[in-house]
Each structure stands twice: as structure tokens, then as C-alpha cells.
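Spelled out from the first residue to the last, the chains are:
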Amino acid sequence: MTEIIVVTSGKGGVGKTTTSASLACGIARTGKKVAVIDFDIGLRNLDLIMGCERRVVYDFVNVITGDCTLKQALIKDKRIDTLFVLAASQTRDKDALTAEGVRKVLDELIADGFDYILCDSPAGIEKGAHLAMYFADRAVVVVNPEVSSVRDSDRILGLLASKTERAEKGNGGVKEHLLLTRYSPKRVAAGEMLSIADVKEILGLEVIGVIPESADVLSASNAGTPVILNDGTDVSEAYGDAVARLLGEERELRFIDEPKKSFFSRMFGG
């Protein structure tokens with residue numbers, strides 16, 4: 001049975017598309033057939049992070065308007081055979097998306113045997129964000145551990161609880177997960193950043209992943225490689241843990257405490 005997961009946030013710039021790309025790659029590496037769709041009509045960043053921007057011929061809106069078939073628009077990832085990308089349009093506005101059109105594309109992906117469909121939502125509460133979450137079974141809410149990001153995400157949780165198909169039909173609503181990005185234990189200890197416990201208390205959600213603050217994220221984005229594929233880095237392992245939890249595995253949170261200094265570091269100030 002296909003599962004539709006929306007990756008969303010109230011605030012822009014929190015690492016939502018990075019998260020969509022990494023979760024899609026991580027799930028696909030387990031052998032599941034995965035499609036990841038960019039709902040950010042007019043901007044389009046998912047294809048850049050996935051490293052397939054030069055291969056975009058047709059996009060999400062082209063499929064909805066009947067200018068091409070879904071098979072023509074889907075881009076198969078060169079690294080993982082079971083992963084496919086559907087890019088957003090850069091030349092159309094957000095009104096090009098309709099509930100009927102989105103439903104048609106999702107139904108076709110389901111009929112084609114996709115196990116997971118990830119919807120990379122634009123930030124905020126406008127039309128594209130609403131349509132990205134409307135048909136979802138689950139939601140990954142991406143939050144930076146700062147007050148403005150957490151406050152805006154609280155608004156998104158309200159929409160997930162009331163403005164989705166599952167909520168309207170009384171099917172138990174969308175199952176919500178919290179993913180913290182750019183987390184710095186040092187800044188938390190200094191009182192410059194909210195702790196995991198603070199964010200959980202405010203939003204009332206369990207944390208599915210904590211992604212440490214790292215320059216690796218920007219380097220990977222610039223290289224067109226989802227950061228989860230940079231094996232051996234803390235960020236890659238943290239996203240790998242999040243994928244495992246998303247798929248039902250229990251794992252302890254890592255990268256949430258400051259590394260302890262060695263004896264020599266303490267002695268000589270290193």
C-alpha cells in the first residue's frame with residue numbers, strides 16, 4: 001500500500017527540501033520504490049539538490065495540464081534505481097496546481113506501484129503548501145530550534161489537523177513527526193537555541209530526527225548530492241536514523257550532546 005508523506009514547515013529556509021531529498025534517498029536505498037515531488041511552483045529547488053536539474057524536460061504542471069505523460073516527466077535517479085523525481089515548474093504560478101490535478105498524479109503513481117510518495121512542500125500556508133499536505137497520510141514537520149520557526153510550525157500543525165482529506169473524512173488525521181534541523185548542542189547549552197525538550201513541549205510531538213548543524217549540508221547541496229549520501233558524516237547518519245524511525249525502527253537520538261573533550265584538550269585548551 002502506498003504511503004504519502006508531506007515534508008512541511010511554517011518558516012522558509014529550515015532545510016525542508018534537503019530533508020525531502022535525504023528522506024527519499026534513504027527510503028529508496030531500502031529497496032522501496034519512491035517518488036519525490038516538488039510542490040514549490042515558481043521556485044523549484046528539489047531538482048538542484050537531487051542533481052538532476054539539467055534533465056528536467058517536463059514538470060509537475062505539465063503532467064496536470066496534459067502536456068505530457070507522468071512517465072515523460074518523472075526523472076529516474078542515476079544513483080538509486082528505485083528513486084524518481086517530479087520537478088516543479090519555474091514558469092507557472094501557484095494557481096496552476098489544483099486538487100483534482102494533484103489527485104490525478106498521485107493516483108497514477110499509486111497505480112504504478114510506488115511504495116512511498118514524498119511531497120516537498122513550499123513553506124507557509126499558501127495554496128501549494130495546502131495541496132502538498134491535503135492528501136498526505138503522514139507529515140514530517142521540519143523545525144529549526146528557534147522561537148520563530150517553532151511558532152510558525154504550530155500553525156502548520158493546526159492545518160494538518162483540520163485541512164487535510166484525512167481530517168475531513170474523519171480517518172484519524174495525518175500522523176505527524178517532528179524533525180529538528182541545524183541543531184547545535186553548544187548553542188543550546190549557551191541558551192542561544194531551544195533544546196529538544198523545549199520544542200517537544202511547545203509542539204507536543206515526538207522527535208523523529210535531530211540533524212546537527214554542519215557545513216556538509218551546504219557543500220552537498222552545491223554539489224547536487226543529497227547529504228544523506230555523504231556516508232560517514234554526522235548529518236548523513238542523523239538522516240539515516242530518521243529514515244529508520246520513519247520506517248518503524250527504534251533508534252536512540254544521536255548528535256544531541258556536546259562531544260566530551262579529551263584529557264589533552266582540557267589540559268591545553270584544544
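Values in this document were obtained by computation on a predicted structure and should not be read as measured data. (Residues numbered from 1 in each chain as written. Predicted model: local features only at pLDDT ≥ 70, side-chain atom pairs only at ≥ 80, totals over all residues. Heavy atoms only, no water.)

(A) Representation of the pairing of strand β2 (residues 34-38). For β2, a buried count of 5 out of 5 residues is recorded, marking the element as mostly surrounded by other parts of the structure. Here β2 shows two buried faces, one formed by Val34, Val36 and Asp38 and the other by Ala35 and Ile37. Where β2 meets strand β4 (residues 83-86), 4 bridges bridge the pair, whose relative direction is parallel. Following the sheet pairing, Val36 is matched in β4 by Val85. (Buried < 20%, exposed > 50% of the residue type's maximum accessible area, 1.4 Å probe, protein only. Helix = DSSP H or I, 4+ residues; strand = E, 2+ residues; numbered from the N terminus. Pairing = 2+ DSSP bridges.)

(B) Structural view of the layout of surface pockets. What the largest pocket holds in volume is close to 510 Å³. As for the largest pocket, its lining consists of 26 residues, and the residues nearest its centre are Gly13, Gly15, Lys16, Thr18 and Arg182. At the level of secondary structure, the elements contributing two or more residues to the lining of the largest pocket comprise α1 (16-28), α2 (46-50), β7 (175-183), β8 (207-212) and α11 (216-223). Classifying every residue of the lining of the largest pocket gives 10 nonpolar, 10 polar and 6 charged. (1 Å grid on protein atoms, 1.4 Å probe; cavity = no way out; pocket = protein on both sides within 12 Å on 5 of 7 lines; lining within 4 Å. Points joined across faces, edges and corners; volume = space filled by probe spheres on them. Nonpolar A, V, L, I, M, F, W, Y, C, P; charged D, E, K, R; others polar.)

(C) Structural context of the sheet that holds strand β1 (residues 3-8). Read from one edge of the open sheet, 8 strands run β3-β4-β2-β5-β1-β6-β7-β8, paired in mixed fashion. The open sheet terminates on both sides in strands that have one partner only, identified here as β3 (75-76) and β8. Here β7 runs beside β8; their pairing, made up of 4 bridges, is parallel. Bridge pairing links Leu178 to Val207 in β8. The strands touched by helix α7 (residues 147-162) are β1, β6 (138-143) and β7; relative to β6, the strand with the most contacts, the crossing angle is about 165°. (Contact = heavy atoms within 4.5 Å. Axes fitted to C-alpha atoms, helices over the stretch in contact; angles between N-to-C directions.)

(D) Region of interest: empty space enclosed by the protein. Inspection of the entire model under this criterion finds 1 cavity of 30 Å³ or more. Each pocket or cavity is described by its volume, and for the largest cavity that value is around 40 Å³. Taken together, Gly209, Val210, Ala238, Asp241, Arg245, Leu253, Arg254 and Phe255 form the lining of the largest cavity. Counting residues per element, the ones that place at least two in the lining of the largest cavity are β8 and α12 (234-246). Broken down by element, the lining of the largest cavity gets its largest block of residues, 3 residues, from α12. The residue makeup of the lining of the largest cavity, split by class, is 4 nonpolar, 1 polar and 3 charged.

(E) A look at the pairing of β6. Of all the 6 residues making up β6, 6 are buried; the element is thus mostly covered by neighbouring parts of the structure. Covered by surrounding structure in β6 are Arg138, Val140 and Val142 together with Ala139, Val141 and Val143, the residues of both alternating faces. Pairing analysis gives 4 bridges linking β1 to β6, with the strands arranged parallel. Note on β6: the bridge partner recorded for Val6 is Ala139. Judged from the 6 bridges that link them, β6 and β7 form a sheet pairing that is parallel. Considered in β7, the bridge of Val140 is made with His177.

(F) Main features of the packing of aromatic side chains. One pass over the full model with this rule turns up 3 aromatic pairs. On the numbers, 5.0 Å between centres and 75° between planes, the contact of Phe39 with Phe60 is edge-to-face. Of this pair, Phe39 sits in the loop between β2 and α2 while Phe60 sits in helix α3 (residues 60-65), and the two are 21 residues apart along the sequence. Like Phe60, Phe39 is buried. Pairing Phe84 with Phe114 gives two aromatic rings, centres 5.5 Å apart and planes at 80°, and the pair type is edge-to-face. You can see Phe84 sitting in strand β4 and its partner Phe114 sitting in the loop between α5 (99-111) and β5 (116-120), a full 30 residues away along the chain. A residue is classified by how much of its surface remains accessible, and Phe114, at 3% relative accessible area, is buried. When the ring centre of Phe114 is taken as origin, the NZ or CZ atom of Lys33, which lies over that ring, is 4.5 Å away. (Phe/Tyr/Trp six-rings, centres within 6.5 Å; stacked < 30°, edge-to-face > 60°. Lys NZ or Arg CZ within 6 Å of the ring centre and 35° of its normal.)

No statement about biological role is implied by the geometric values presented.
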